Amino acid sequence: MKRSQNIDLGRMRKPSKAKFILRPAVLAVSAVMLAACSEPEDDAIVIYSVDDCSKQTSLDQQECETVYQNAQAEAERTGPKYNSQADCEAEFGPAQCRSNSSGMFSPLMAGFLMGRMMDIGRPSAVYQYNNPSSRYHNQIMTADGRNLGAAGQRSYKVPQSTYKAKPTVTKTVSRGGFGSSASAKSSWGSSKSSKSSGWGG
Amino acid sequence: MLRIPIDPRENWRDLADDYGFEFHTMHGEAYWDESAYYQFSLDQIEKDLEQPTEEIHQMCLEVVDQVVRDEYWLKKFCIPQAYWQWILDSWQSGDPSLYSRLDFSYDGKSPAKLYENNADTPTSLYETGFWQWLWLIDGVDQGRLSRRSDQFNSLQEKLVNRFKDLAFLTPNRVLHFACCKDTPEDRGTVTYLEDCAKEAGIEVKFVFVEDIGRDAAGRLSDDDNHVISWMFKLYPWEFMFEEQFGELLPQQNMRWLEPPWKSIISNKALLPKLWSMFPNHPNLLPAFFESELKHLSSDLAWVKKPIFSREGANIQISGQGQELASSDGPYGEEGFIYQAFHRLPKFANNHTLVGSWLVDDKAAGISIREDTNIITQDMSRYLPHIIL
């Protein structure tokens, strides 16, 4: 056979929005939402330091140092970012924030998660709300903003998605640096011809 | 190779709605045309198309290997100097490619002749990988096509498998997809590729080419200010080289689809270079640079093509001092190449072009385009095919 053996037609369907609204799918939709709520969870502990790591896990001192450094690199890359030091400290407490290379402010990493399902090369950093006036005071949060609960617990229920690769957030200084050739060439297209489809070939 | 009329499926427009195939009719003209199909023998497919497609791809890789190391050739290919080292690095580090489409003139009897290699931004992918596949399945199920009918089209399966390889080679990165605004055909192609990547377990995001941003450090960013680390762009490299953010390209810690070295073989300078490296190859047409015009026999007709051009724009066909046909377009400032004129075969008054797909280095299927004009362009109609 010279063709694809099987294509999942269900996956290929793209029902238009109008049709979707008309479909009596209330039950189906809530089933989907329930499924989303019961995402698999991992029991993870929070490691606060290299020493803490070597005491609480089977990793040796050197491995713990590596994991700790990886966690700090992840924290630098993926952590919450604020435009001003004051905004950051309002949540995380005085002297708990520092500026990064793009001129924004992030909280210091409190520690990182250690669980069965995580990737040791990419540990998830956690942060602690240390400002008594923050309504989240003493809570532990992840880089993607999920609140795990009060600090000091033996373990935390962590949704598996917390471990997924996280984007690096930055500050965009300009846009529109690509695409000018297309608009120049398509203005040619509209003046001389009725054909102006894409830029593929 | 036969062209056989057939009744269109009565409900095909409803099906197109269901599956989100929006560009079957463009500018009021039919693009998808199922009032006929082409029938090939297995021998025609395997010996005349599949095998030459993979062989020509290998020949193209040999061209890349020569051109990326040689200033003389990089200039001939009109690659700006600022990108030479970056393209060489992408080639030497083996940056993986996703797909290409070779366009052939093929009549079912004589060797297929290569017109050009769409190695950077090929489209008509969804129509090929999925839509004509569905047409075949429906035709067989409804008893309108023989149960023994097959199709040269493992494109979707191969794309998904290739994305799995790419996910392994490029771990822990979100794959951003990009195309230009106001181009439903390109957006459709990109959506299809996003679906294939998702099926392979890759996390995907979309950003319009015009909306790509940069940060103070020169990194590219999307609408959510996320740094882009891996990108599929349905937008020609040669455009990006000339644009404002182009200078940022060599300093990115990014992976690209297609990789930068594909800019060498999506370029029409490929054609004379192939001819000089593999003269008289049965699947190649004689081709020359402007500097080699003395080789152009005046007895033959020649096609003049811009070094950068898409969708049959700015093509001029002439013979014995007379222009036979030409198409308008916005290309050509960069110079031209000359390729021996080889007429497209005619089936029921249509000029027929065969697009032969590659996923990485494996032949993956064909697409048929028809035009009443001798130069097929972006509005040429798409027809399905079978093997029987």
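What you see is a predicted model; the values in this text were computed from it and never measured.

Draft legend 1. Just the packing of aromatic side chains, in detail. Residue and element names in this part refer to chain B. Tallied over the full model, the rule gives 35 aromatic pairs over all chains. Measuring from ring centre to ring centre gives 5.9 Å for Trp73 and Phe289, while their planes differ by 40°; the resulting arrangement is tilted. In this pair, Trp73 is assigned in helix H3 (residues 71-76) and Phe289 in strand E13 (residues 287-289), connecting sequence segments 216 residues apart. An identical accessibility class is assigned to Trp73 and Phe289; each is buried. Ring centres 4.3 Å apart and planes at 20° place the aromatic pair Tyr83 and Phe241 in the stacked group. Pair noted here: Tyr83 is in the loop between H3 and helix H4 (84-92) and Phe241 is in helix H8 (residues 237-242), with a separation of 158 residues, a long-range link. In this structure, Tyr83 and Phe241 share a single accessibility class: buried. By way of ring pairs, the aromatic residues Tyr19, Phe21, Phe23, Tyr31, Trp32, Tyr126, Phe130, Trp131, Tyr192 and Tyr382 are connected into one cluster. Between Arg9 and the ring centre of Trp131, over which it is positioned, the NZ or CZ distance is 5.4 Å. A cation over an aromatic ring shows up here: Lys304 above the ring of Phe336, its NZ or CZ 4.5 Å from the ring centre.

Draft legend 2. Looking closely at the sheet that holds strand E1 (residues 41-47) of chain A. Residues and elements named next belong to chain A. The strand order across the open sheet formed by six strands is E7-E6-E5-E4-E1-E8, and the pairing between neighbours is antiparallel. Two strands bound the open sheet, and with one partner strand each, they are strand E7 (147-150) and strand E8 (156-159). For this sheet the average axis-to-axis angle between neighbouring strands, irrespective of direction, equals 40°. Judged from the three bridges that link them, strand E5 (residues 125-128) and strand E6 (residues 139-142) form a sheet pairing that is antiparallel.

Draft legend 3. Expanded view of the layout of surface pockets. In this structure, the largest pocket encloses a volume near 630 Å³. Around the largest pocket sit 31 residues that line it, and A:Arg77, A:Lys166, A:Pro167, A:Thr168 and B:Ser229 are the ones nearest its centre. Considering only residue class, the lining of the largest pocket consists of nine nonpolar, 11 polar and 11 charged.

Draft legend 4. Geometry of the confidence of the model for chain A. For chain A, the average pLDDT comes to 77, and 78% of its residues sit at 70 or higher. Between residues 187-196 of chain A, whose pLDDT stays under 50, and residues either more than four places distant or in other chains, the model counts 11 contacts.

Draft legend 5. Quick look at the side chain of B:Asn117. Along the chain, B:Asn117 falls in strand E6 (residues 113-118). In this structure, B:Asn117 is in contact with B:Cys60, B:Ser100, B:Arg101, B:Leu102, B:Ile265, B:Ser266 and B:Leu270, ignoring residues within four places of it in sequence.

Draft legend 6. The arrangement of the interface of chain A and chain B in detail. In this assembly, 44 residues from chain A lie in contact with 77 residues from chain B. Of the roughly 5,200 Å² buried between chain A and chain B on both sides combined, carbon and sulfur atoms contribute 54%. We note a salt bridge from B:Asp150 to A:Arg3, for which the minimum N-O separation is 2.7 Å. Counting across the interface, chain A meets chain B through 32 residue pairs in polar contact (both at pLDDT 80 or more). Contributing elements (two or more residues each) for the side of chain A that touches chain B: helix H1 (9-12), strand E9 (172-175) and helix H7 (180-192) of chain A. Residues that form the side of chain A that touches chain B fall into these classes: 13 nonpolar, 18 polar and 13 charged. As judged from the three bridges shared by E9(A) and strand E9 (residues 213-215) of chain B, these two strands associate in the antiparallel manner. Counted as the bridge partner of A:Ser174 is B:Arg214 from E9(B).

Draft legend 7. Looking closely at the state of the cysteines. For the coordinates displayed, the defined rule picks out two disulfides over all chains. Through a disulfide, A:Cys53 is tied to A:Cys64; the S-S separation comes to 2.0 Å. The disulfide joining A:Cys53 to A:Cys64 has a torsion of about -75° about its S-S bond and is therefore left-handed. You can see A:Cys53 sitting in helix H4 (residues 50-56) and its partner A:Cys64 sitting in helix H5 (residues 61-78), a full 11 residues away along the chain. Exposure class is identical for A:Cys53 and A:Cys64. Each is buried. Covalently, A:Cys88 is tied to A:Cys97 through a disulfide, its sulfur atoms 2.1 Å apart. The sign of the S-S torsion, about -85°, decides the handedness of the disulfide formed by A:Cys88 and A:Cys97: left-handed. On the basis of relative accessible area, A:Cys88 is assigned to the buried category, the value being 0%. A residue is classified by how much of its surface remains accessible, and A:Cys97, at 8% relative accessible area, is buried. If you count the bonded cysteines of chain A from the N-terminus, they pair up as 1-2, 3-4. Free of any disulfide, B:Cys60 has its nearest neighbouring cysteine sulfur in B:Cys78, separated by 18 Å. Free of any disulfide, B:Cys196 has its nearest cysteine sulfur in B:Cys179, 15 Å distant.

Draft legend 8. Representation of the confidence of the model for chain B. The pLDDT averaged across chain B works out to 93; a share of 97% of its residues lies at or above 70. At the level of chain-chain contacts, confidence expressed as ipTM amounts to 0.91, with global pTM at 0.82.

Calculation criteria
- Residues numbered from 1 in each chain as written.
- Chains lettered and ligands numbered in written order.
- Predicted model: local features only at pLDDT ≥ 70, side-chain atom pairs only at ≥ 80, totals over all residues.
- Heavy atoms only, no water.
- Phe/Tyr/Trp six-rings, centres within 6.5 Å; stacked < 30°, edge-to-face > 60°.
- Helix = DSSP H or I, 4+ residues; strand = E, 2+ residues; numbered from the N terminus.
- Buried < 20%, exposed > 50% of the residue type's maximum accessible area, 1.4 Å probe, protein only.
- Lys NZ or Arg CZ within 6 Å of the ring centre and 35° of its normal.
- Pairing = 2+ DSSP bridges.
- Axes fitted to C-alpha atoms, helices over the stretch in contact; angles between N-to-C directions.
- 1 Å grid on protein atoms, 1.4 Å probe; cavity = no way out; pocket = protein on both sides within 12 Å on 5 of 7 lines; lining within 4 Å.
- Points joined across faces, edges and corners; volume = space filled by probe spheres on them.
- Nonpolar A, V, L, I, M, F, W, Y, C, P; charged D, E, K, R; others polar.
- pLDDT = per-residue confidence, 0-100.
- Contact = heavy atoms within 4.5 Å.
- Buried area = accessible area lost by both parts, 1.4 Å probe.
- Salt bridge = Lys/Arg side-chain N within 4 Å of Asp/Glu carboxyl O.
- Polar contact = N/O pair within 3.5 Å; in protein donor to acceptor, adjacent residues only side chain to side chain.
- Disulfide = S-S within 2.5 Å.

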